[in-house]
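Close look at the chain arrangement
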Amino acid sequence: MASQGVRNDLATEQQTCLWHVNMESHNRLGPNMCLRRLLQSSQLQRAWRAAFLKHVQGRHLGARRWTHSGGGPYRAVIFDMGGVLLPSPGSVATEWEVQNHIPSGTIVKALISGGENGPWMKFMRAEITTEDFLQEFERLCSEISKTSVPVDSFFSLLTSERVTKQFPVMTEAIIQIWAKGLQTSVLSNNFYLPNGKSFLPLDWKQFDVVVESCMEGVCKPDPRMYKLCLERLSRQPSESIFLDDLGPNLKAAASLGIHTIKVHDPETAVKELETLLGFPLRMAVPNIRLVRKTMEIPKDSLEKYLKDLLGTQPTGPLERLQFDHGQSNPTYYVKLATHQLILRKKPPGTLLPSAHAVEREFRMMEALVNAGAHVPKVCHLCEDSSIVGNPFYLMEYCPGLIHKDPSPPGLEPSQRRAIYTAMKRVLCKIHSVDLKAAGLEDYRKHRQASSATVKQTGKLTEFMCNLAWDFPVKEGFRVFKEMLATKPLMGSHHSWSRPQSLLRTPGTRSYVTSTDSSLAHSSKGALIFSPEGLSPRVRELYQRLKEFMERHVYPVEPELQRHQASAERWTPSPLVEDLKEKAKAEGLWNLFLPLETDPEKKYGAGLTNVEYAHLCEVMGTSLYAPEIFNCSAPDTGNMELLVRYGTEEQKARWLIPLLEGKARSCFAMTEPQVASSDATNIESSIREEDGFYVISGHKWWITGILDPRCQLCVFMGKTDPHAPRHQQQSMFLVPMDTPGIKIIRPLKVYGLEDAPGGHGEVLFEQVRVPKENIILGPGRGLEILLGRLGSGRIHHCMRLIGCSERALALMKARVKSRMAFGKPLVEQGTVLADIALSRVEIEQARLLVLKAAHVMDVAGNKAAALDIAMIKMVAPSMASRVIDRAIQVFGAAGLSSDHPLAQFFVGVRVLRLADQVHQRAVAKMELKHRS
């Protein structure tokens, strides 16, 4: 009843606050923004706090002790965002100006230009839109620097994940401030992003109050900002400390009686803050963070349990923090008085019966401790789910450092040597444990593991030992010295793990001696054949794309490949969906739409075909990358079709969801009864009936139609079989939930299903679609087909260059680590010839692809017909040869799913089906030209 009363009180409080929401604010900010402002109001803050403290102990605010245990009179710490928690715009600008050859100080001068009425201050007060700000800011920067300044590139960098990482020392300080019962707040001059959200790349859970300039309509140093913050914190100025890097902001805060700290660098500022507060702010335990919202564990029940377990009644608050790394089972740091423990539990939610078995972990750890292995001492196993929600076990906390990078960077060679030596000793001790004596003989069932490759994987240790021994025995010392003289090999023999050295090769090519792009862009007729020749904006985009691939895509390829082979393969991978959100946040989204199709950059990045070719090559190094960046077929062709030919209603219904990645689509043209390489052969019938078009036909090899996200089918069939041959076909937009669409079966390509999209054989039986779903009009299907294949005609050729580079990189790494017939493969003559031929063929094909893209940019798709046909002949054949050579070097392993080569080969072989058609086209154009 008490809880119900609190909910009623809160509901009344909310209604009272809602009554006072200004309708003008509602109209300007929208309901979501108003709600956020409402939730930050002091009146509602107090209501929520009282309710949570009284009735929801152990949850977020309820876990806080609102009593001060520090050494000073302060009760709240207020942080600025840029320059204190994150890098300041000025520091980001300095790096960006150097990289883009912009005069130093240009951005900062533009930021302060106009003072309170300048574009930057107006932007942070939400008085102008992002588009208007960028337009005015670009004008200002160009005037100041006397050159063209791509400010959209700077804005992308400023808001990217790359530079919006909170300073670790500040994160540690906030955690310690919370642990002592003080309040925290962020007071930020920030702005709205184009998606309507405010730019605040922080964990909101760190702060009791967040005050944003764009929501309040005022900016620091306006005193109203500070007063709002104090009011919502329910604190007096004398009880608060404010950290900022700008003098005017600090002066305004000090005039109200707030103690201030000028932040020159985060480390020094934290030391000064420690002095004021009277307690340390650097955590003794590294690699921990506040408990994630979805991983909360109850406080009261755990505290009582620990006190009973320890057999004493220790005083002091229970501290609960979470380690910021690791997988499978959530791991927490728990401190009660002088006791420091590690708690490891099953994750929340429904679990498979044998998954996340902490009971099994505990048993193994206990046995290893008793056997003298160097592992932490386990204390207790609790199988009672009522304590923290799931079974868990406790072990002692062992102080130390965790190196996530196996290099590890930043250490002296002697330090690395000591770490590796200790690691070997520990591993040797663990592997020398007698399983029978330790009581682990029945630890697992005596059967083969669920993965068919586990047995083979278990032999890799023996294989690596033999390989290491072969080096000194068979002239290995000479080879090893030569390897050290260049760049040491990094990574694993297992290609899915993506050694760093393998995949930097495609991106390190350089054909120009200067990075000055002025010559490359002085004329529209200049062919940009190297990434270094791209404009600063696109070059920065190219670099961000490469970094994203290295950080996020290559490392997870093994997991994505396993998903494609699992029972859940027809369900989209949650990991891919997560990577899509990361790509969106970094501005690496919808890069494919050519500038000629979207001159106002309304839908895409506004790249030319040549610019996109360089980026598309990077995406081609991974089978999974194109979808992650929303640049995969058939969606790219369908989206370009809608941009070019769709009505505004069609765009609103279909284009926007596709651009946002909320839906996927397919393209139905190929039919089993006819040679569909000649599109005039298509026989599916489309007839008018009662204001509808009725579609009937048998289609197959419809890529993506099996994907549960597929909402749209672009369908091609005959509306008038008696019209001139090239005016019989029409194209329609068919919703996938329309009755009459029957999937007969998924089709395999060399045994591969290509899940979750797949390739379907489908019957369309009396499928009725509204008349407004026709594209352009009756008889214009072939016209649209040619337009749809505009820039999309060469996207796969661009990707094949990257695919071939990846195959060559894998081949080079393989031959350096394998022995045959008494000497390394790298010394075999046929292998050297294959590497040389592959490099030459890749370079030839790349130049031809870039030339075709260039002609499309400067003369149009029609003028580039010969070049397009030639690269569609050359690129698949070249890639097929390079990949085949790589498979030959890998031997039987090249045929397996342990490496991407087999899937690369299948994809390339499919594209070669069109070789003869393009050969015919090239020959006809050549003969016509010569005549």
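Residues numbered from 1 in each chain as written. Predicted model: local features only at pLDDT ≥ 70, side-chain atom pairs only at ≥ 80, totals over all residues. Heavy atoms only, no water.

1. Comments concerning the overall build of the protein chain
Helix and strand counts for the protein chain stand at 34 helices and 20 strands. In the protein chain, buried positions account for 49% of the 931 residues. As displayed, the protein chain offers around 45,000 Å² of accessible surface, 56% of which is attributable to carbon and sulfur atoms. (Helix = DSSP H or I, 4+ residues; strand = E, 2+ residues; numbered from the N terminus. Buried < 20%, exposed > 50% of the residue type's maximum accessible area, 1.4 Å probe, protein only. Areas by Shrake-Rupley, 256 points an atom, 1.4 Å probe, with all protein chains shown as cover.)

2. A short note on helix 14 (residues 266–277)
The first and last C-alpha atoms of helix 14 sit 16 Å apart over 12 residues, in line with the 16 Å expected at 1.5 Å per residue. Listing the buried residues of helix 14 in full gives P266, A269, V270, L273 and L277. Down the axis of helix 14, the sector holding all buried residues measures 100 degrees, keeping them to one side. In helix 14, those exposed residues whose orientation departs by more than 90 degrees from the buried face are K271 and T275. (Expected span 1.5 Å × (residues − 1). Arc of directions from axis to C-beta.)

3. A few points about the sheet that holds strand 4 (residues 240–244)
Within the open sheet, the five strands sit side by side as 3-2-1-4-5. Their pairing is parallel. The open sheet terminates on both sides in strands that have one partner only, identified here as strand 3 (209–212) and strand 5 (259–262). If you compare each strand with its neighbour and ignore which way they point, the axes differ by 20 degrees on average. Here four bridges tie strand 4 to strand 5, and the two strands are oriented parallel to one another. By the bridge assignment, F242 is partnered in strand 5 with T260. Sitting on the sheet, helix 12 (residues 223–233) is in contact with strand 1 (76–79), strand 2 (183–188), strand 3 and strand 4, with an inclination near 155 degrees to strand 2. (Pairing = 2+ DSSP bridges. Axes fitted to C-alpha atoms, helices over the stretch in contact; angles between N-to-C directions. Contact = heavy atoms within 4.5 Å.)

4. A word on unusual backbone geometry
Cis geometry is adopted by the peptide bond preceding P221, which originates at K220 and carries an omega value of 10 degrees. Residue position: P221 is located in the loop between helix 11 (213–216) and helix 12. Residue P756 follows A755 across a cis peptide bond; omega there is 5 degrees. Following the sequence through the fold, P756 ends up in the loop between strand 17 (741–746) and strand 18 (759–770).

5. A few points about the nonpolar core
In terms of nonpolar packing, the biggest core is built from 97 residues, with L591, Y612, I628, F629 and M731 touching the most fellow members. Not counting the four nearest positions on each side in its chain, Y612 is found in contact with L591, F592, L607, M619, C631, H795 and M798. Ranked by size, the runner-up nonpolar core spans 56 residues in total, among them F79, M170, L243 and V270. (Core = buried A, V, L, I, M, F, W, Y, C linked by side-chain atoms within 4.5 Å.)

6. Observations concerning the pairing of strand 18
The pairing of strand 14 (residues 692–703) with strand 18 spans nine bridges and is classified as antiparallel. The residue of strand 18 that forms the bridge with K699 is V762. Where strand 17 lies against strand 18, five bridges are found, and the strand directions are antiparallel. Note that in strand 18 the partner of R745 across the bridge is E761.

7. Observations regarding helix 12
Considered for burial, the residues of helix 12 that qualify are M225, Y226, C229, L230, R232 and L233. Relative to the axis of helix 12, the buried residues are bounded by an arc of 165 degrees and lie together on one face. Just downstream of helix 12, S234 is the residue with a positive phi angle, here 60 degrees.

8. Details of the sheet that holds strand 8 (residues 331–336)
Spatial strand order, 6-7-8-9-11-10: six strands in an open sheet with antiparallel pairing. This sheet does not close on itself; its edge strands, each paired only once, are strand 6 (288–289) and strand 10 (378–382). Alignment of strand 8 against strand 9 (residues 339–345), held across six bridges, turns out to be antiparallel. By the bridge assignment, V334 is partnered in strand 9 with L341. Packing against the sheet, helix 16 (residues 358–370) makes contact with strand 9, strand 10 and strand 11 (392–396), and its axis sits at approximately 155 degrees to strand 10.

9. Examining the packing of helix 27 (residues 635–645) against helix 28 (residues 648–660)
Across the interface, helix 27 lies against helix 28 with an axial gap of 10 Å and an inter-helix angle of 145 degrees. Regarding helix 27 and helix 28, the two cross each other, and that crossing is left-handed. Mapping the contact onto sequence places D635, M639, L642, V643 and Y645 in helix 27 and Q650, K651, W654, L655, L658 and L659 in helix 28. Split into classes, the residues belonging to the contact of helix 27 with helix 28 amount to eight nonpolar, one polar and two charged. (Left-handed = near helix turned anticlockwise from the far one by under 90°. Nonpolar A, V, L, I, M, F, W, Y, C, P; charged D, E, K, R; others polar.)

10. Things to note about the packing of helix 9 (residues 151–158) against helix 22 (residues 536–553)
Interaxial distance between helix 9 and helix 22 falls to 8 Å at its minimum, and their mutual angle equals 25 degrees. Comparing the axis directions of helix 9 and helix 22 gives the class roughly parallel. Remark: the crossing between helix 9 and helix 22 carries left-handed chirality. Of the residues in helix 22, those touching helix 9 at D152, S153, S156 and L157 are P536, R537, E540 and R544. Partitioning the contact of helix 9 with helix 22 into residue classes produces two nonpolar, two polar and four charged. (Parallel < 35°, antiparallel > 145°, perpendicular 65-115°, else oblique.)

11. Things to note about the pattern of salt bridges
Enumeration over the complete set of coordinates arrives at 49 salt bridges. As a salt-bridge pair, K304 and D308 come within 3.3 Å of each other at their nearest N and O atoms. Placement of both K304 and D308 in helix 15 (residues 300–310) is noted, with a separation of four residues, approximately one turn of the helix. Judged by relative accessible area, K304 falls into the exposed class, the value being 57%. (Salt bridge = Lys/Arg side-chain N within 4 Å of Asp/Glu carboxyl O.)

12. Focus: the side chain of Q564
Considering the arrangement of structural elements, one finds Q564 in helix 23 (residues 557–564). At a separation of 3.3 Å, a polar atom in the side chain of Q564 contacts the side chain of Q903. Apart from the residues lying within four places of it in its own chain, the contact partners of Q564 are R569, Y624, D754, A755 and Q903. (Polar contact = N/O pair within 3.5 Å; in protein donor to acceptor, adjacent residues only side chain to side chain.)

13. Observations concerning the side chain of S240
With respect to the helices, strands and loops of the structure, S240 is situated in strand 4. Here Q236 takes part through its backbone oxygen, which lies 3.3 Å from a polar atom of the side chain of S240.

14. A closer look at the packing of aromatic side chains
Under the defined criterion, the tally for this structure stands at 18 aromatic pairs. With a centroid separation of 4.8 Å and 15 degrees between ring planes, the pair formed by F123 and F191 is classed as stacked. Residue F123 is found in helix 7 (residues 119–124), and its partner F191 is found in the loop between strand 2 and strand 3; the two are separated by 68 residues along the sequence. Neither residue differs from the other here; F123 and F191 are each classed as buried. Feature note: the residues W120, F123, F133, F137, F155, F191 and F199 constitute an aromatic cluster, connected by ring pairs. Across from the ring centre of F715, 4.8 Å away, lies the NZ or CZ of K699, which sits over that ring. Positioned above the aromatic ring of F692 is the side chain of R768, whose terminal nitrogen or guanidinium carbon lies 4.8 Å from the ring centre. (Phe/Tyr/Trp six-rings, centres within 6.5 Å; stacked < 30°, edge-to-face > 60°. Lys NZ or Arg CZ within 6 Å of the ring centre and 35° of its normal.)

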